[in-house]
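Each chain is listed here by its residues.
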Amino acid sequence: MSTSTQRYQAIDAAHHIHAFVDQKALNQEGPRVMVKGEGVYLWDSEGKQYLDGMSGLWCTNIGYGRRDLISAASQQMAQLSYYNMFFHTTHPAVNELSEKLFDLLPGHYSHVVYTNSGSEANEVLIRTVRRYWDVMGQPEKKIFIGRHNGYHGSTVGSASLGGMAFMHEMGGLPIPGVEHIGEPYWYAHGGELSPAAFGLKCAQELEARILALGADKVAAFVAEPFQGAGGMIFPPESYWPEIQRICRKYDVLLCADEVIGGFGRTGEWFAHQHFGFEPDTLSIAKGLTSGYVPMGGLVLSKRMADALVERGGVFAHGLTYSGHPVAAAVALANLNALDQEGIVTRTRNDTGPYLQKSLREVFDRHPLVGEIQGTGMVAALQFCEDKASRTRFANEADITWRCRTHGFEEGVIIRSTAGRMIMAPALVISHAQIDELIDKTRRAVDRTAAELG
Ligand code: PLP
């Protein structure tokens, strides 16, 4: 091991608490030190190359190392490195970005509050939705309904909206006023029901909960169009139309977390367009800047924004870095490139279908894989012990973790969730790189299967 790897591992162990990992075990093992990225590839400090099948954390939609994004950042820093949107001020960079963003969004959205991350977007969601109902003269509408195994971030409010049981156990979450219903994960929970019947059943759980709580108390339903961190779980087709019907019937806001699904991931600009429903708010981040600098936001429908603007008066809310000029300039360069180079269109019509078809050709009959889900540049392989009965392994978290480790050894980064291997490569990936991604993934899955005997 090189001395620079050793040095960074020592500093890391001395000073860092990493996300979602046993820190003591990591200190003994030593983290991988990533030093360079170009396109869909990463290199570590030992010179090993990886095909990044996860776009970092679902965020480097345009790939690493784009010179146009880099120069947008440096030019903006030279021009106006910082100013804010508090009180009576604005600046060109954020206005240029918003003009582009609302060109790409469906026409019924009109306003955005920029943040630094997806978690913050969802914190802003909680306050903005509650403020909206105040302004509408229904201040009792305060309760949010999320879903078990949903993920909306790591801060107090966003982790409460999420339904990760192990996160809730740490720190007394969720906060009051947040409820959860079941997830539309047919493979795990569908039993004897058809996917369509199960999708309806899950959606109708929302109706039952609204009625139990009282529609006059429920502010919003919050969900990812497809669950990302929970395992790239795609709901049955019957799910979203029924959810939308229920939200409209009871005047409950429908809030889509597009932090992973946004900016071309599914081959549509936004994942709700893939599923064909119309949310009132969109939480965005990640692909907005392709991860080059932090930026997120909460997008509001015109109906909500009009109420807040016309009747709301002062909204006592603001973030120092909201609409940061450098982040805005990078986001604009990123959106222009995704749009003008036809990268999202190619994901929808060419590379996305190629990834999905190739995955099914390779894994449909694999003994370890019970189901393949995905669209565009997002996919999941469901591991199972017995395909016919959809029986899952008792120690599935261990098994998928091993597969992920084999992936690293084979030179591909894929991620494990309990029972599922997931991938979400950059949208700029080529056919040859998709072949490489699938070939290396197959070797990792085969090695895992061989160990199971
Ligand atoms: N929402 C979803 C759907 C996410 O997947 C994530 C992060 O993975 C977040 C919100 C939180 O975003 P951030 O990590 O930028 O705070």
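Refer to the structure presented above.
Residues numbered from 1 in each chain as written. Predicted model: local features only at pLDDT ≥ 70, side-chain atom pairs only at ≥ 80, totals over all residues.

### Topic: the nonpolar core
Nonpolar side chains in soluble globular proteins tend to be buried together. Counting residues in each nonpolar core, the largest one holds 115 residues, and the members touching the most others are Val129, Ala220, Phe221, Ile243, Cys255, Val330 and Ala331. In this structure Ala331 touches Leu97, Leu288, Thr289 and Met295, once residues within four positions along its chain are discounted. (Core = buried A, V, L, I, M, F, W, Y, C linked by C-beta atoms within 7 Å. Buried ≥ 20, exposed ≤ 12 C-beta atoms within 10 Å, placed from the backbone. Contact = placed C-beta atoms within 7 Å.)

### What to know about the sheet that holds strand β7 (residues 218–223)
Within the open sheet, the 7 strands sit side by side as β4-β10-β9-β8-β7-β5-β6. Their pairing is mixed. The open sheet has two free edges, formed respectively by β4 (109–115) and β6 (178–181), since each of these has just one partner strand. Taken over all neighbouring pairs, the strand axes of this sheet differ in orientation by 20 degrees on average, direction set aside. In this structure, strand β8 (residues 253–257) lies alongside strand β9 (residues 281–284), joined through 3 bridges in parallel fashion. Its bridge partner being in β9, Asp257 is matched across the sheet by Ser283. Sheet contacts for helix α10 (residues 195–213): β5 (143–147), β6 and β7; angle to β6, the most-contacted strand, approximately 145 degrees. (Pairing = 2+ DSSP bridges. Helix = DSSP H or I, 4+ residues; strand = E, 2+ residues; numbered from the N terminus. Axes fitted to C-alpha atoms, helices over the stretch in contact; angles between N-to-C directions.)

### Focus on the pairing of β7
Most of β7 is tucked away: 6 of the 6 residues are buried. Pairing geometry for β5 and β7, over 3 bridges, is parallel. Bridge pairing in β7 places Ile145 opposite Phe221. As paired elements, β7 and β8 share 4 bridges and run parallel to each other.

### Regarding unusual backbone geometry
Residues other than glycine predominantly adopt negative phi, and peptide bonds predominantly adopt the trans conformation. Cis peptide bonds are those with omega within 30 degrees of zero, and the linkage from Leu173 to Pro174 qualifies with 0 degrees. Of note in this structure, Phe87 is not a glycine but carries a positive phi near 55 degrees. With respect to the secondary-structure elements, Phe87 resides in the loop between α4 (67–79) and α5 (92–104). Overall, Phe87 belongs to the exposed group, with 6 C-beta atoms counted inside 10 Å.

### Describing the site of the ligand
What surrounds the ligand is a group of 16 residues, the closest being Ser117, Gly118, Ser119, Gly153 and Val259. Considering every element that reaches the shell around the ligand, the biggest residue donor is helix α6 (residues 118–135), with 3 residues. (Near = placed C-beta within 6 Å.)

### Examining the environment of Trp269
Among the structural elements, Trp269 can be located in the loop between β8 and α12 (271–275). A sequence separation of 75 residues divides Trp269 from Val344, and the C-alpha atoms of the two residues are 6.9 Å apart. Excluding residues that lie within four positions of it along the chain, Trp269 makes contacts with Leu104, Phe263, Gly264 and Val344.

### A closer look at the pairing of β8
With 5 of 5 residues buried, β8 is to be regarded as a mostly interior element. The parallel pair β7 and β8 is bridged by helix α11 (residues 239–250), and the resulting crossover is right-handed. (Right-handed = clockwise from strand over helix to strand, strands pointing away.)

### Some details on helix α14 (residues 325–340)
In this model, α14 (16 residues) spans 22 Å end to end at C-alpha, consistent with the 22 Å of a helix rising 1.5 Å per residue. Looking at α14, one finds that the buried residues are Pro325, Val326, Ala327, Ala328, Ala329, Val330, Ala331, Leu332, Ala333, Asn334, Leu335 and Leu338. At its buried positions, α14 is contacted by α4, α5 and α15 (343–363). Count one or two residues on from α14 and you reach Gly342, which has phi positive near 65 degrees. (Expected span 1.5 Å × (residues − 1).)

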